[in-house]
Amino acid sequence: MGVIAITTKTKIVTAVAALLVLAGAWALWPKSGSVDPGPMETGADVASLTARIDVPPEPTGAAPLDAPQRGVVAAPREETATTGTLVVHVRYADEPKAAAGLMVTVRRPGSDFRVGVPRAVTDTSGTVQFAALAPGSVSVCTNIQQASAMAEVQPGATSECTLRLDKGMQLTGIVVDTDGVPVGGALVEAGMPGRAVPDAEQVAVTAADGTFTIRGCQAVFRIGARAAAYAASKLHVVQGKPGGAEHIRIELSAVGGVVEGVVLAPDGSALRDAVVRIGNGKTDGIWTTDEGAEPLPAQVRTDAQGRFVAVGVPVGTQPIMVRAVGLAPWNGTCEVAAGRTVPVRVTLSAGVTCVGIVRSEAGAPTKAVDVTLGRVGDFVQLRTRSAEDGTFTLTGLPVGEVELSAQEKTLGKATARVHGEAGATVRGELLLSNGLTLRGRVVDQTGAPVGGLECRWEARGAGTPWAKLVRVDAEGRFMVTDCPDGRPLSVTVEGRAITPMLRNGFDPRAGAIELEVERDLTPPAQIIGRVVGPDGRPVEGVSVRASRQQTMNDSRDESTTADGRFAMTVTTGTWALRTSSKDHPTIALDDKKMGSGTTWDVGTIQLPQGGRLVVHETAAVAGKLDHLVLDARERFVCGLYTPVPPLRSELLAPGNYRLLVCGEGVAARALPFSIEAGKDCKLEVGAAPGVRQRVEFTHVGGAELPRSIAFEVRRDGKLVLSARANEEPAGPLACEIWLASGKYSVATRDREPKCTVAFTVGSVEGPPVRLELR
C-alpha cells in the first residue's frame, strides 16, 4: 500500500500487489552495495507489467498507520492514554467542498519530512483519520497546495481540524510518447516551491486515454510523469492563477525500466514505509527555470510486506538509496535495462542515535532549535527540534562520522561531529554562535531610524571572497554575523526613497556603528504605459519590472490590468524597463533618466509573436558549454538551460541575434542566427579545442580593485566572449578563457575610462594579458 505507484487509485493497489508475488528470485545485496546480476536475467517484461497495473480488483483489509490509503487509518487495538487521534477534514474553496482522494500528511514542526510521517488519502467526504499520534502540535497539509493547518493532538482523545484549501487552479493534461500516442496508467508527479513538506510526489494517474485532472492546485506547479516502459519526463513549470484553468502536455521521450524489491529490517522482518529512491536527481530543493527542471528520481514507499515497485527508471547504472525510521541509511546500485524489471533485496542495519543538547553562546540550554543532518536536496536529511531543556534525540544516523548542524535566527549557528557504530548511542553538544558580529543602525539626516533597507557587506583585502546581504528591520537595526577577522568591510545600502550609499573601512571589532543615509524627499516620478498583444488587444497579467541602474536591488514590479495598463512610482535616477510574459518574448526598453516629479509615458508596448532557439549539442560537449544569447545591439537577452536535450531558449522577438558559446577547453565563438515569428531556429553546436589564456587586472595608482569586473573579447571587431574576472584568494583580479589561435582585443565593460589591450593567441598558452585600470 505504500508504493507511490498506487497512492491515488485504489484499483491499482491490488494490481501492484499481484505483480510483486510473481515468481522470480530476489537479487541478494552484499555489503558493498552491488547487485548479483544472476536474477536480473529473469526480469519481467514491462509490457506485461503495464497490463497487470490495469487490473481493477478492490483491496481487502485495512492498511496500517502511515501507509497511503483511502479513508481511515486503523487505530491500534488498545489505545493508550499516551496517544491521541486526529480527524482531518479537507475542504476546497469552491463547490463541491469535499476534497476527496487527496494525500494528507501530518508532521510535527521541526521533525523529519521524509520518513516516519503519517500519511493517508481522504475518503469521498474529504475526511481522513490518524490514530496513535503522540500528543502535541502538528501541521497538516496536502500535496497540491502550500496551504496548511495546525492541530493539537490530545492524549486519550479524538481531535478534529479542517484544512481549508485556497482557491486554486484547475490543471488538466495529457501524457504521450514521442509519437503522440497517449500513455495510460502513467504516474503524474508534482511539487511546489517553498513548501513546508518539500518532496515532489505523485498527484494523479492518467486514464486510458492519457489524460488527467488536478483540481484546486497551487497556481505555480512543477509537474512531470513516468510510466513503466519509459524514463521519467522532465519537470514542467505551469504558471496560472487562482480560479483559472491550465493545460499541459507531457511527453515521455526516453526508454526506461522497472525496479521492484523488498526492504528488510536487521532481523530479517519486512519493513513497512521505508523510503526507496532510485536514480539521480532531487525531490526537494529543486531549481527550475521557465524550461523546467531535470526529471525526478523514482521515490517510493514499501508496503506492509516490505515490497516496492519503482517505474520510470532510466536505463543504465542507477543509485539506490533507502531510509527507514531509526535505521541507518543504505546505498547501492542496480543495472536497469529497457523494458525489463530488476529485482533487488535490501537489508538495513541498525542506525546510530545521538542524544545531545543545544546551548547558547553563554552556555544556556536553548529550546526550539532545529537540529539537522544533511542539506536541502540530499536524500539523507534528518531533523529534530530541541526540547524545553535544550536536549534533543536524533535517531537513524549513518554509521561512522557525521556532522550535525543547528541554527537559530538570533543566537547563531553551530556544528558538531559525532561518530558511532551500528546500534550505538552517542552524545553531542551544539554551541550556538554568531561569530564575529558587527551591529549597527541606519538613520537619516535627522537621526530618525530608516527600516526596510538592504545592506550588502563585502570584505576587502587578501583572502577568500566574502559577502553577505543583510536586511534592516523596521527600527533601522541590523546585525552582520560571521565577519572575517582582520579584514575591513565595505557596505552598500539601498532601498526605496533613499539615495544609494557606499562606505568603506568598517572594523567589526570596533563596536556598534551608525550608518547615515539621505532620504530622497523630492516628489517621486512615474512610469506609465500600456501592453497589447500581437493582435493589438490589451494583455492582462504581463509583469513589468523597472530597475534603477547602478544599484543591486532597487526595482519595482507591476502587472498589467484588464485594459493592459500599468503605472508605478519610482524615485529619481536612471531606470530600465522590461516586460515578462510566459506567452510572449521579453521586451526591453532603453534606459530613461527620471527627474523629480517627471512622468515617463512609454506609450503602447506591443508584444510580438516569438520563436525559440533550439540548440543540439554533439555528444562530446553536451552539458559542458555555456550559451548566452545577445541581440543585434549586443545586449544580453537570456542564457540557455534545458533539463533534457535539446537546449531551448525562452521566447525571442523576431530579429537577428548572436549565440556566444564557451566552455573550459573549448574555443569561444559567436554564432549568428535569426528568429521568425512562430518558428524555431535550430543550430548544431560542436566544439573545437581552445588555447587557455589568462586575463589579469591591476590598478594604477595604488587604488583598491573592485571585487569583480566585466570584460569582453573581440576578434576582427566582433564580440566572441563576454565574461567576468573575480578576485582570487591572495591573488589578482583574474579569469581564464579558451580561444582559437588568432588576433584579439580585450576591453573592460560597463566601466569608465574603458581599458583595451590587443593580444595574439598562438598554438600554446602564452603569458597573461594584463589590463591596467585607472
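Residues numbered from 1 in each chain as written. Predicted model: local features only at pLDDT ≥ 70, side-chain atom pairs only at ≥ 80, totals over all residues. Heavy atoms only, no water.

(A) Region of the structure containing the overall build of the protein. A count of helices and strands for the protein gives two helices and 58 strands. Burial statistics for the protein: of 774 residues in total, 49% are counted as buried. A separation threshold of at least 6 residues defines the contact pool for the protein, and within that pool the share at least 24 residues apart is 64%. Carbon and sulfur atoms make up 50% of the accessible area of the protein, which amounts to about 34800 Å² in all. (Helix = DSSP H or I, 4+ residues; strand = E, 2+ residues; numbered from the N terminus. Buried < 20%, exposed > 50% of the residue type's maximum accessible area, 1.4 Å probe, protein only. Contact = heavy atoms within 4.5 Å. Areas by Shrake-Rupley, 256 points an atom, 1.4 Å probe, with all protein chains shown as cover.)

(B) Representation of the packing of aromatic side chains in the model. Inspection of the entire model under this criterion finds six aromatic pairs. Centroid distance Trp457 to Phe478: 5.8 Å. Interplanar angle 40 degrees. Geometry classified as tilted. Remark: Phe478 occurs in strand S32 (residues 477-480) and Trp457 occurs in strand S30 (residues 454-459); sequence separation between them is 21 residues. The side chain of Arg215 reaches across the aromatic face of Tyr92, ending 3.7 Å from its centre. (Phe/Tyr/Trp six-rings, centres within 6.5 Å; stacked < 30°, edge-to-face > 60°. Lys NZ or Arg CZ within 6 Å of the ring centre and 35° of its normal.)

(C) Highlighting the sheet that holds strand S17 (residues 298-301). Judged by pairing direction, the sheet is antiparallel, and its four strands sit side by side in the order S17-S16-S19-S20 without closing on themselves. Each edge of the open sheet carries a strand with a single partner, namely S17 and strand S20 (330-336). Strand-to-strand twist of the sheet, defined as the mean angle between neighbouring strand axes without regard to direction, takes the value 20 degrees. Here four bridges tie strand S16 (residues 275-278) to S17, and the two strands are oriented antiparallel to one another. Residue Val276 lies in a different strand from S17, and its bridge partner there is Val300. (Pairing = 2+ DSSP bridges. Axes fitted to C-alpha atoms, helices over the stretch in contact; angles between N-to-C directions.)

(D) Representation of the environment of Pro329. Tracing the backbone shows Pro329 in the loop between strand S19 (316-323) and S20. Take Pro329: its relative accessible area is 18%, and that puts it in the buried class. When the C-alpha atoms of Pro329 and Gly396 are compared, they prove to be 7.3 Å apart, with 67 residues separating the residues in sequence. Not counting residues within four places of it along the chain, the set of residues in contact with Pro329 comprises Val322, Arg323, Val380, Gly396, Leu397 and Pro398.

(E) Broad picture of the pairing of strand S23 (residues 370-373). By the alternation rule, side chains of S23 split into Val371 and Leu373, which are all buried, and Asp370 and Thr372, of which none is buried. Looking at chain direction, S23 and strand S24 (residues 382-385) are connected through four bridges and run antiparallel. Residue pairing for S24: Val371 is matched across the bridge by Thr384.

(F) Molecular detail of the nonpolar core. Ranked by size, the top nonpolar core spans 43 residues in total, and within it Leu86, Val88, Val175, Phe212, Ile214, Phe221 and Ile223 carry the most contacts. Among the nonpolar cores identified, the runner-up in size contains 24 residues, and Ile709, Cys735, Val746 and Phe759 belong to it. (Core = buried A, V, L, I, M, F, W, Y, C linked by side-chain atoms within 4.5 Å.)

(G) Quick look at the environment of Asp209. By the element assignment, Asp209 lies in the loop between strand S10 (201-205) and strand S11 (211-217). Counting along the chain gives 25 residues from Asp209 to Gly184, while the straight-line C-alpha distance between them is 5.8 Å. Reaching out from Asp209, the side chain makes a polar contact with the side chain of Thr211 at a distance of 2.7 Å. (Polar contact = N/O pair within 3.5 Å; in protein donor to acceptor, adjacent residues only side chain to side chain.)

(H) Representation of unusual backbone geometry within the structure. Geometrically, the link from Glu95 to Pro96 is a cis peptide bond, its omega value of -10 degrees lying close to zero. Examined against the element boundaries, Pro96 turns out to sit in the loop between strand S1 (84-91) and strand S2 (103-107). Residue Pro646 is bonded to the preceding Pro645 through a cis peptide linkage, with omega at 0 degrees. Note that Pro646 resides in the loop between strand S47 (636-639) and strand S48 (647-648). Even without a glycine there, the phi angle at Asp482 is positive, about 55 degrees. Summarising the element assignment, Asp482 is placed in the loop between S32 and strand S33 (489-494). Phi at Asp716 takes a positive value of approximately 55 degrees, unusual for a residue other than glycine. Here Asp716 lies in the loop between strand S53 (708-715) and strand S54 (718-727). Residue Asp716 is classed as exposed on the basis of its relative accessible area, which comes to 74%.

(I) Here's a closer look at the sheet that holds strand S57 (residues 756-761). If you trace the seven strands from one edge of the open sheet to the other, you get S57-S56-S53-S54-S55-S52-S58, paired in mixed fashion. The sheet is open, and its two edges are formed by S57 and strand S58 (769-773), each paired on a single side. Sheet twist, expressed as the average angle between the axes of neighbouring strands with direction ignored, equals 25 degrees. Two elements, strand S52 (residues 691-699) and strand S55 (residues 733-739), share seven bridges in a ladder whose sense is antiparallel. Looking across to S55, one finds that Phe697 is bridged to Leu733.

(J) Molecular detail of the pattern of salt bridges. A full pass over the atoms with the stated rule returns 36 salt bridges. A salt bridge links Glu401 to Arg417; the shortest N-O distance between them is 3.4 Å. Residue Glu401 is located in strand S26 (residues 400-408), and its partner Arg417 is located in strand S27 (residues 412-420); the two are separated by 16 residues in the primary sequence. In this structure Arg417 comes out as exposed when scored by relative accessible area, which is 53%. Of the charged contacts, one joins Arg635 and Asp590 as a salt bridge, the two residues approaching to 3.3 Å between their closest N and O atoms. Here Asp590 lies in strand S43 (residues 588-594) and Arg635 lies in the loop between strand S46 (626-631) and S47, a separation of 45 residues in the sequence. The structure contains a network of salt bridges with shared partners spanning Asp590, Asp631, Arg633 and Arg635. (Salt bridge = Lys/Arg side-chain N within 4 Å of Asp/Glu carboxyl O.)

(K) Fine view of the environment of Leu296. Note that Leu296 resides in the loop between S16 and S17. For Leu296, a relative accessible area of 7% corresponds to the buried category. In sequence terms Leu296 and Arg277 are 19 residues apart; their C-alpha atoms lie 9.9 Å from each other. When near neighbours in sequence (up to four residues on either side) are disregarded, Leu296 contacts Glu189, Ala200, Arg226, Ala232, Ser233, Leu235, Asn280, Lys282, Thr283 and Ile286.

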